[in-house]
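Here is what each chain is made of, one letter per residue.
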Protein chains: 8
Amino acid sequence: MVDVAVLMGSESDRAIAHRVSNVLDNSKYSYDVQVISAHRNPVELEEYIKQSDAKVFIAIAGLSAALPGVIASKTGKPVIGVPVSAKMMGLDALLSIAQMPPGVPVASVGVDNGANAAHLAIRILDLIP
Amino acid sequence: MVDVAVLMGSESDRAIAHRVSNVLDNSKYSYDVQVISAHRNPVELEEYIKQSDAKVFIAIAGLSAALPGVIASKTGKPVIGVPVSAKMMGLDALLSIAQMPPGVPVASVGVDNGANAAHLAIRILDLIP
Amino acid sequence: MVDVAVLMGSESDRAIAHRVSNVLDNSKYSYDVQVISAHRNPVELEEYIKQSDAKVFIAIAGLSAALPGVIASKTGKPVIGVPVSAKMMGLDALLSIAQMPPGVPVASVGVDNGANAAHLAIRILDLIP
Amino acid sequence: MVDVAVLMGSESDRAIAHRVSNVLDNSKYSYDVQVISAHRNPVELEEYIKQSDAKVFIAIAGLSAALPGVIASKTGKPVIGVPVSAKMMGLDALLSIAQMPPGVPVASVGVDNGANAAHLAIRILDLIP
Amino acid sequence: MVDVAVLMGSESDRAIAHRVSNVLDNSKYSYDVQVISAHRNPVELEEYIKQSDAKVFIAIAGLSAALPGVIASKTGKPVIGVPVSAKMMGLDALLSIAQMPPGVPVASVGVDNGANAAHLAIRILDLIP
Amino acid sequence: MVDVAVLMGSESDRAIAHRVSNVLDNSKYSYDVQVISAHRNPVELEEYIKQSDAKVFIAIAGLSAALPGVIASKTGKPVIGVPVSAKMMGLDALLSIAQMPPGVPVASVGVDNGANAAHLAIRILDLIP
Amino acid sequence: MVDVAVLMGSESDRAIAHRVSNVLDNSKYSYDVQVISAHRNPVELEEYIKQSDAKVFIAIAGLSAALPGVIASKTGKPVIGVPVSAKMMGLDALLSIAQMPPGVPVASVGVDNGANAAHLAIRILDLIP
Amino acid sequence: MVDVAVLMGSESDRAIAHRVSNVLDNSKYSYDVQVISAHRNPVELEEYIKQSDAKVFIAIAGLSAALPGVIASKTGKPVIGVPVSAKMMGLDALLSIAQMPPGVPVASVGVDNGANAAHLAIRILDLIP
């Protein structure tokens, strides 16, 4: 059982994932970290989401950053997206993550800002008595 | 007592606030709508935040869109920001809302996407038993 | 049996889909047009892709435009993406469609340029004896 | 008693603050340098502004750069903002600082251009007999 | 004798100049409004600046918006620039006005934001006893 | 006889061409690599296209990246363009390659993403029995 | 015999071509106006350039605006490019026209600025005794 | 007597000026190189332009790059502008140089592309018998 599921689209996003876990380590919440690409491992991703009992998902991705949106389309839990500056200063990832269609919400934080994804998750989890 | 506090920076953001309330009206959650500018009414804003028992804040703002960030600096609750396309296609507001410094998280949704702010708030509130 | 599957993410992309069909109508190739959102109808999308015998997929989408990439991750056929200028002049959709991770290719044409998606599909189909 | 209050949002903005002080050191005007974040230290910021007798404020900040705008909302003195290129070449900070709502003016200088903030402050102070 | 000199680069900037004068009309400060292009009337511009006793200059310009910078290079008084959205949402004018070289400061306000130029001028003039 | 013609606009694009050939080397398809600039060697380019029996063209180019479009105007085969980040993070090349006029289609992949150009070519070639 | 050859890539660029001819009509220089697409009519374009005795070429184009660059690669005469705001505020066309590789120069004027293309041509022609 | 006057706005533009002179050294045309800022040395600039018998001006500048436009407003000769990537990848300089108001033309080449400025000057000079 974990409170937060932290997924990254590629092993190259690991440094940003560390910024997430560094903040969560100083909280009372547990978490699980996985590397699963929305585009390259769609089946594994779907299975992970289905079996996970995480209350909040954090999805880290660069480029066309589909990971947060795909997760949000397959769970009813809050999904936080972290755009990574792999190319184009992260503008591509930021727009891919923030500009979701109505009905499938993703909470975008700033480019490479794994810390704020964790802080936002903590604020959400703190609402649960 | 309300579940969601919906604040907009200017009366001109009203159309986007309606997109928020349209979605919340179809949920079981209550909400309160206010027009308070972070820049022009800082004292009223601070008082509103202090006295509010809302579990989630939705802040709608265009231009240099400081409202979500200021709220996030004065509450420990989750804050959702909606960038408004008042100028520059909303790119100014999106960057102002998303690019928060580490430690003060704001959950940005897409430009003018009030519906997703409400959907995100509902996902968060649904976590509370 | 169809040669081209034309999918759009939202009913609001219909005008761009017409530009695709207008060009295909003047070719010898058959096509099928569907409205299926990658984010809102992930199960229907997966089923459609599995059962389709289309040789080429054309995916039309605005905003964070995940449709082409999701299709490309679930088929081995060529996928052509058409970014729609729903917001931000289509820059969000163009970056979402073009900036795919290595291994999951999408062929992006220009913003709102449904005609070129059809022309590209025809060039590809013409290779088949 | 100081002529110019120089505030930066984060210790990482120190190099730009030096560009401000280097120019002011060659003028007849006195100044005070502080690190106070608009988002992380809102109370300290408010107290500093209230007790300060500075005639001009220079606020240095990157990312969503709220510092200049918050100061301008709490003082009637001229406020000069210096956008810092922490991310996105400083475009995020430039738009956050320049695109203020009518009624709460901030004078933006160029990205990382602490020198011009000081030169502008000197031109303003030179008007006082 | 005037307190503020309001210059615009082209007759097409008149609507923005009205936003400046609307605010100044409600202040105690006098002003003078002129249409003089930095590029098309360089001699008239130089003569106007030399003979003017204005304490603050407001320069309104679109496109490659050279007017504020040229004025700042020919006077030691504070110069406020207002970028106009004639093309490219005003991004061209904003960058032209804000990105001045060190030593020649211009105070940029937001795109089309004539009101804030006036408010900033008033804050500066209020410093004079 | 080759399956894929890989052209780059300049010797400086060689690293991106290697990403193409690395993927093609692991496929059953043959290819030919050439350095021919659309702007500096228009005659050689035309001759190469005419004599080539390649089924798919991959064109790699930075800056105003005309190579893919020029090839597409002189062949009826599918043309894949790879924008190179020589300047401006590759935004110039991406727009030059993607924004083709209706009737002359180019399939753009992501910035510097030679691998996806090869993967896309393989998907196209796999359609041929 | 003409002094200036004015070419546009598409009939939809006609309004910008009128801005060119309006200025040239008030000069002593003759001109010829043609609609020839670099991408759709490459052969006609090449023939036109070869047979033309124009001293200066003005090429008007939107989108991936290859026309000016292609002309510059086939003539040794000065080529002036006018980017048209068909999409993306003309940013695509401006970058396509300005960012030419070393050795094949194009003189870019501003977006939709046909008048300046004519004025620049006149300045060049005035050098000829 | 010189054919080309090469001016740069700052000593830091020297590397780009070398790209201009490298190309001109291989031509039959003479040139003169100067460092004169439009903003910091307006009087020297005016005098230099007046006394110069150059047939073509090349102006190299970064940031808000006013130099080419100011020269174009004070001479009737063709002026070529070279935007320098001092900040923001040169986008600020490119827009400042290209987006001139009608009547004051500047020929912009690509970012940092001093070579093309020289090649364009040579094409212009070659028209003179």
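Quick caveat, the model's predicted, so the values are computed rather than measured. (Residues numbered from 1 in each chain as written. Chains lettered and ligands numbered in written order. Predicted model: local features only at pLDDT ≥ 70, side-chain atom pairs only at ≥ 80, totals over all residues. Heavy atoms only, no water.)

When helices and strands are tallied, chain A shows five helices and five strands. Starting at the N terminus, the α and β elements of chain A follow one another as β-α-β-α-β-α-β-α-β-α. Taking 14 Å as the expected radius of gyration for a compact globule of 129 residues, we find that chain A reaches 13 Å, a close match to that expectation. By principal-axis analysis of the C-alpha atoms, chain A measures approximately 40 × 30 × 25 Å. If you take every contact in chain A between residues at least 6 apart in sequence, the share linking residues at least 24 apart comes to 69%. (Helix = DSSP H or I, 4+ residues; strand = E, 2+ residues; numbered from the N terminus. Rg over C-alpha atoms; globule rule 2.2 N^0.38 Å. Contact = heavy atoms within 4.5 Å.)

Quick look at empty space enclosed by the protein now. What the rule picks out here adds up to 14 cavities of 30 Å³ or more. The set of elements that each furnish at least two residues to the lining of the largest cavity consists of α4 (91-98) of chain B, α4 (91-98) of chain C, α4 (91-98) of chain D, α4 (91-98) of chain E, α4 (91-98) of chain F, α4 (91-98) of chain G together with α4 (91-98) of chain H. Grouping the amino acids of the lining of the largest cavity by side-chain chemistry returns 31 nonpolar, no polar and no charged. (1 Å grid on protein atoms, 1.4 Å probe; cavity = no way out; pocket = protein on both sides within 12 Å on 5 of 7 lines; lining within 4 Å. Points joined across faces, edges and corners; volume = space filled by probe spheres on them. Nonpolar A, V, L, I, M, F, W, Y, C, P; charged D, E, K, R; others polar.)

Here chain C and chain E are not in contact; the least distance found between their C-alpha atoms is 11 Å. These two, chain B and chain H, are apart from each other, with no contact and a minimum C-alpha gap of 16 Å.

With that settled, consider the pairing of strand β4 (residues 79-84) of chain A. Residues and elements named next belong to chain A. Of all six residues in β4, six are buried; the element is thus mostly enclosed. Of the two faces of β4, the one carrying Val79, Gly81 and Pro83 and the one carrying Ile80, Val82 and Val84 are both buried. Bridge count between strand β3 (residues 56-62) and β4: six bridges; the pairing is parallel. Considered in β4, the bridge of Gly62 is made with Val84. Running through helix α3 (residues 67-74), the crossover from β3 to the neighbouring parallel element β4 is right-handed. As defined by bridge partners, β4 adjoins strand β5 (residues 107-108) across two bridges and the pair is classed as parallel. Pairing of Ile80 across the sheet is with Ala107, part of β5. (Buried < 20%, exposed > 50% of the residue type's maximum accessible area, 1.4 Å probe, protein only. Pairing = 2+ DSSP bridges. Right-handed = clockwise from strand over helix to strand, strands pointing away.)

A word on the UniProt feature "binding site: substrate" (unreviewed entry) in chain A. Taking the UniProt record as the reference, the feature "binding site: substrate" (unreviewed entry) is found at Ser10, Asp13 and Arg40 of chain A. Here Ser10 of chain A is to be found in the loop between β1 (4-8) and α1 (14-25). Sequence-distant contacts of Ser10 of chain A, defined by excluding residues within four places in its chain, comprise Val35 and Arg40 of chain A. As for its placement among the helices and strands, Arg40 of chain A is situated in the loop between β2 (31-35) and α2 (42-51). Among residues more than four places away in sequence, those in contact with Arg40 of chain A are Gly9 and Ser10 of chain A together with Pro101, Pro102 and Val104 of chain C. (UniProt positions renumbered as here; feature names shortened; annotations may be inferred.)

At Ala65 of chain C, a position not held by glycine, the phi torsion is positive, near 20°. You can see Ala65 of chain C is positioned in the loop between β3 (56-62) and α3 (67-74). A relative accessible area of 5% means that Ala65 of chain C is categorised as buried. Although it is not a glycine, Met89 of chain H adopts a positive phi angle of roughly 60°. On the secondary structure map, Met89 of chain H appears in the loop between β4 (79-84) and α4.

For the rest of this paragraph, the subject is the layout of surface pockets. Put simply, the largest pocket is a space of about 460 Å³. Lining the largest pocket are 29 residues, and of these Arg40, Leu63 and Ala86 of chain E together with Pro101 and Pro102 of chain H sit closest to its centre. Here the residues of the lining of the largest pocket sort into 13 nonpolar, 11 polar and five charged.

Residue and element names in this part refer to chain F. Following the sequence through the fold, Ala17 ends up in helix α1 (residues 14-25). Through-space distance from the C-alpha of Ala17 to that of Pro105 is 21 Å; in sequence the pair is 88 residues apart. When residues no more than four places from it in sequence are discounted, the contact partners of Ala17 are Met8 and Ile60.

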